Amino acid sequence: MATSRIFMSSNLFIFFLVMATTNGQAPAPTPSGPTNITAVLEKAGQYTMFIRLLKSTQAADQINTQLNSSSSQGLTVFAPTDNAFSSLKSGTLNSLSDQQKVQLVQFHVLPTLLTMPQFQTVSNPLRTQAGDGQNGKFPLNITSSGNQVNITTGVVSATVANSVYSDKQLAVYQVDQVLLPLAMFGSSSAPAPAPEKGGLVSKGSAPSGDDGGDSTDSSDTERIRYGLISTTMAAIAAYFLWI
């Protein structure tokens, strides 16, 4: 019995000694590493669709390269939430070419770092990585009133909900709408409907093809029917005359 108590006491002493040693150790520092736009968005959550576009267009690699370049002036990214993508009309993204998807992502990126107070003093339209807004194709205008920042593109109006991430090279802001550029989604740039098969039929012209054939067949059938009736009536009349 005494031996068991000594054994248990020894085990308890070793256990508490190990715990005290472990708790006394400082946690290993997390490596900082280069700034990564997709890692920032993944950590924030609710940006699955935007991350997918960043990766499929390889825009994420370009952004990361720029961020970690010694000559970089910083970047500002407007990140639409998954709810923002869900509010798009069905098939909007699938209707875009690969080049248009690249331009759509680039339209959400400014080639300079803007802090929240700087939105009050910017000159419109802002230049995005999709192109210069001065030519009317990719205009991005920002208006600021107090803590509220609004963005207009000529197609949609969005609100900067909050700041997702900020450091000396990158500022990421959450927006409640996908920023649709005028060059791609303006009414004048909408694709014209495809012509119907066979082309247009002018007014007053006779229908062609099967419809015309049906009309001719119907007339022939009527003539045959009347011919048979006439022949039958003549035969009956001849029979009664013969009698």
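You'll find the chain entered in an unreviewed UniProt entry as FAS1 domain-containing protein, with Brassica campestris given as the organism. In UniProt, the chain has this text filed under Subcellular location (unreviewed entry): "Cell membrane".

Enquirer: Can you break down the confidence of the model for the chain residue by residue, with the values?
Expert: In regions of low pLDDT, the predicted coordinates are not meant to be interpreted in detail. Mean pLDDT over the chain stands at 75; residues scoring 70 or higher make up 63%. At the level of individual helices and strands, the chain shows its lowest average pLDDT in helix H1 (residues 2-23), which scores 45, and its highest in strand E1 (residues 75-80), which scores 98. Of the regions scoring below 50 in pLDDT, residues 12-31 engages in zero contacts with residues more than four places distant in sequence or in other chains. Note that residues 189-219 has pLDDT below 50 and, in this model, four contacts with residues that lie over four places away or in other chains.

Enquirer: Got a sec to walk through the pairing of strand E4 (residues 148-152)? Specific residues and values, please.
Expert: Here E4 shows a buried face lined by Val149 and Ile151 and an unburied face lined by Gln148, Asn150 and Thr152. In terms of strand pairing, strand E3 (residues 141-145) meets E4 through five bridges, oriented antiparallel. Paired with Thr143 across the bridge in E4 is Asn150. If you look at the hairpin formed by E3 and E4, you'll find two residues sitting between the two strands, and Gly146 has a positive phi there, around 65°. Examined bridge by bridge, E4 and strand E5 (residues 157-166) share three bridges and lie antiparallel to one another. For Ile151, the partnering residue across the bridge sits in E5 and is Ala158. Remark: four residues form the turn of the hairpin made by E4 and E5, two consecutive strands paired antiparallel; Gly154 in that turn has positive phi of roughly 90°.

Enquirer: Hey, could you go over the nonpolar core for me, with residue numbers and the actual values?
Expert: Counting residues in each nonpolar core, the largest one holds 47 residues, and the members touching the most others are Ile37, Leu41, Leu54, Phe78, Leu104, Ile151 and Val172. In contact with Ile37, not counting residues within four places along its chain, are Leu54, Ala60, Ile63, Asn64, Val77, Leu170 and Val172.

Enquirer: Lay out helix H2 (residues 37-44) in plain terms, naming residues and giving numbers.
Expert: Within the span of H2, buried status applies to Ile37, Thr38, Val40 and Leu41. Taken around the axis of H2, the buried residues stretch over an arc of 160°, which confines them to a single face. Where H2 is buried, its residues touch helix H3 (48-56), helix H4 (59-67), E1, E5 and strand E6 (170-175). Looking at the residues trailing H2, positive phi occurs at Gly45, about 80°.

Enquirer: How would you summarise H4 if you had to cite specific residues and measurements?
Expert: Among the residues making up H4, those that are buried are Ala59, Ala60, Ile63, Asn64 and Leu67. Angular distribution of buried residues about the axis of H4 spans 135°; they occupy a single face of the element. Opposite its buried face, H4 presents the exposed residues Asp61 and Thr65, each directed more than 90 degrees away. In this structure, the buried side of H4 is in contact with H2, H3, E1, helix H6 (98-106), strand E2 (109-110) and E6.

Enquirer: Could you give an account of the sheet that holds E5, with specific residues and numbers?
Expert: Strand order in the open sheet made by the six strands is E2-E1-E6-E5-E4-E3, with mixed pairing throughout. Looking at the sheet topology across the chains shown, the edges are occupied by E2 and E3.

Enquirer: Pulling in residues and values, what's your account of the pattern of salt bridges?
Expert: Note that side chains of opposite charge can pair when their charged atoms are close. Scanning the entire structure with this criterion turns up one salt bridge. Its salt-bridge partner being Glu42, residue Lys55 comes within 3.5 Å of it at the nearest N-O pair. With Lys55 in helix H3 and Glu42 in helix H2, the pair connects residues that are 13 residues apart, well separated along the chain.

Enquirer: Run through the packing of aromatic side chains, naming residues and quoting values.
Expert: Any two aromatic rings considered together are summarised by their centre-to-centre distance and by the angle between their planes. Evaluated as defined, the whole model comprises four aromatic pairs. Centre to centre, the rings of Phe107 and Phe138 are 6.1 Å apart; their planes meet at 55°, and the pair counts as tilted. Of the two residues, Phe107 is situated in the loop between H6 and E2 and Phe138 in the loop between E2 and E3; the sequence distance between them amounts to 31 residues. Here Phe107 matches Phe138 in class, with each residue buried. Cluster of aromatic residues (ring-pair linked, three or more members): Phe78, Phe119 and Tyr173.

Enquirer: Describe the packing of H2 against H3, naming the residues involved and giving the relevant values.
Expert: Closest axis-to-axis distance for the H2/H3 pair is 10 Å, and the angle between their directions is 165°. If you check the angle between H2 and H3, you find them roughly antiparallel. As for the relative orientation of H2 and H3, their crossing is left-handed in sense. Contacts between H2 and H3 pair Ile37, Thr38, Leu41 and Glu42 from the former with Phe50, Ile51, Leu54 and Lys55 from the latter.

Analysis parameters
- Residues numbered from 1 in each chain as written.
- Predicted model: local features only at pLDDT ≥ 70, side-chain atom pairs only at ≥ 80, totals over all residues.
- Heavy atoms only, no water.
- UniProt positions renumbered as here; feature names shortened; annotations may be inferred.
- pLDDT = per-residue confidence, 0-100.
- Helix = DSSP H or I, 4+ residues; strand = E, 2+ residues; numbered from the N terminus.
- Contact = heavy atoms within 4.5 Å.
- Buried < 20%, exposed > 50% of the residue type's maximum accessible area, 1.4 Å probe, protein only.
- Pairing = 2+ DSSP bridges.
- Core = buried A, V, L, I, M, F, W, Y, C linked by side-chain atoms within 4.5 Å.
- Arc of directions from axis to C-beta.
- Salt bridge = Lys/Arg side-chain N within 4 Å of Asp/Glu carboxyl O.
- Phe/Tyr/Trp six-rings, centres within 6.5 Å; stacked < 30°, edge-to-face > 60°.
- Axes fitted to C-alpha atoms, helices over the stretch in contact; angles between N-to-C directions.
- Parallel < 35°, antiparallel > 145°, perpendicular 65-115°, else oblique.
- Left-handed = near helix turned anticlockwise from the far one by under 90°.

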